[in-house]
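# Structure assessment
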Amino acid sequence: MEPIPAAVLTAANAKSTHLRELVRAPEILVMPGAYDVLSALMFQQLGFQAIQCTSGGIAAALGYPDGEVMSRDLFIQLTASFATAVSVPVNADGEKGYGDAAGIKDTVRALVGAGVAGMNLEDSIAKGGSGLVDLGQQLQKIKAVMDAKRELGSEFFLNARVDAFHVITSDAKKALDEAIRRGNAYAEAGGDCIFYLSLHSAETIGTVAKEVKAPVSILAGPQSPSVSQLQDLGVARVSYGSGFMKAAITGAKKLAQEILEQGTCSLLKDGVQTPEINALVSKRK
C-alpha cells in the first residue's frame, strides 16, 4: 500500500484529535448518522460538530442489506466522499473491520488516507452466526487498530462497540456484567469511546457510564432518554444509526402515497426546497 502523504496524515490527525476532544468534553457530543453526502452537508450546515456514518443507512440507500455486504473498497470510497465533503470530523461505521487483524490494519490505513477521523468496530459475530466474538479475538482486532495507528503515526479514533445488550436478551444481569467487562477491556486496549446498542434504561445507562473507565456512547432511539438526560447520566456521546435514513424514506413513502391516493403533492410545501439544496452542495470544497 502506498504511503500516506505527510500533509494528508497531518490533516487526518487534526480531525481525529478534534473528535477525541469533543468526546472528552463536558458537554455530550451528538453525532447524527449520515447516509449520503447531502445529509452530511446538511448536518454540518445545521451546526453538528461531528458526523457519524451509518452502515445500515448507507447500505440500504444503495440497495444492500447491512452487515459488510458491500465491498471494503466501496465502503472506503463512500466514507471518503463524506469526509472530503465536510470540514467537521467524520467517524466511519467500520462494522466488524472488514477482515481479520491484517485486514483491519488495511481498513484503518485506507480510512486515515481518506481523511476519516475514526471508526466503529463491533464485537458481534459476523453474518451466518450469532452471539459475541470471543473477547480475546476482539482484543486482537483492537490491537490491529493500535498497531496500524502506531505504524502510521496516526491519531485515529476508535469507537469500540459492545453488543452485549443486543445479543444477550434473556438475562439482564449477565448482559450488564458482560457489557461492563468488555467495555473496560476495550478501553484498556486503546478504545477511545465504548459504544453500546440496545441500551435504553436510564438506570442501566447510569451504571454503565459509572463502571466503564472510558467515555461511553449509546445508540439512541424513540425509547431512549433525551440528550440532556443522557448527559446527566454520564454519557459522553450519542448517535442515531440509520435513524435519519429511515426518517427520509418515511417522508418519501408518505409523499408517494399521497400522489397515488390523492393525485396531489402537498407534502412538498413543507419540504426543503431547491435553493437550500443548491446552497448546501455549492459549498463543497
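Here, the structure is the one placed above.
Here's a quick rundown of the structure. What you are looking at is a predicted structure, and each value in this text was computed from that prediction instead of being measured.

Here strand β4 (residues 90-93) shows a buried face lined by Val90 and Ala92 and a second buried face lined by Asn91 and Asp93. Strand direction decides the pairing type here: strand β3 (residues 51-53) and β4, joined by two bridges, are parallel. Paired with Ile51 across the two strands is Val90, which belongs to β4. Bridge count for β4 against strand β5 (residues 118-121) is three bridges, and the pairing is parallel. Of the residues in β5, the one forming a bridge with Asp93 is Asn120. For the handedness criterion, the β-α-β arrangement of β4, helix α5 (residues 101-113) and β5 is classed as right-handed.

With that out of the way, let us pick up helix α8 (residues 172-189). With 18 residues, α8 ought to run about 26 Å at 1.5 Å a step, and its terminal C-alpha atoms sit 26 Å apart, in line with that. Among the residues of α8, Ala175, Leu176, Glu178, Ala179, Ile180, Arg182, Gly183, Ala185, Tyr186 and Ala187 are the ones counted as buried. Looking at the buried positions of α8, the neighbouring elements they touch are α6 (135-152), β6 (157-162), α7 (164-167), β7 (193-196) and α9 (202-211). Taking the backbone nitrogen of Lys173 as reference, a side-chain oxygen 3.3 Å away marks Asp171 as the first, capping residue of α8. Immediately beyond the C-terminal end of α8, within one or two residues, lies Gly190, with a positive phi of roughly 125°.

One finds Met119, Val145, Ile194 and Tyr196 to be the most contacted residues of the largest nonpolar core, which totals 68 residues. When near neighbours in sequence (up to four residues on either side) are disregarded, Tyr196 contacts Val162, Phe165, Ala179, Ile180, Gly183, Val208, Val212, Val216, Ser217, Ile218 and Leu219. The next biggest cluster of nonpolar side chains, apart from the first, holds ten residues, and it includes Leu19, Leu29, Met31 and Ala236.

Scoring rules and cut-offs
Residues numbered from 1 in each chain as written. Predicted model: local features only at pLDDT ≥ 70, side-chain atom pairs only at ≥ 80, totals over all residues. Heavy atoms only, no water. Buried < 20%, exposed > 50% of the residue type's maximum accessible area, 1.4 Å probe, protein only. Helix = DSSP H or I, 4+ residues; strand = E, 2+ residues; numbered from the N terminus. Pairing = 2+ DSSP bridges. Right-handed = clockwise from strand over helix to strand, strands pointing away. Expected span 1.5 Å × (residues − 1). Contact = heavy atoms within 4.5 Å. Polar contact = N/O pair within 3.5 Å; in protein donor to acceptor, adjacent residues only side chain to side chain. Core = buried A, V, L, I, M, F, W, Y, C linked by side-chain atoms within 4.5 Å.

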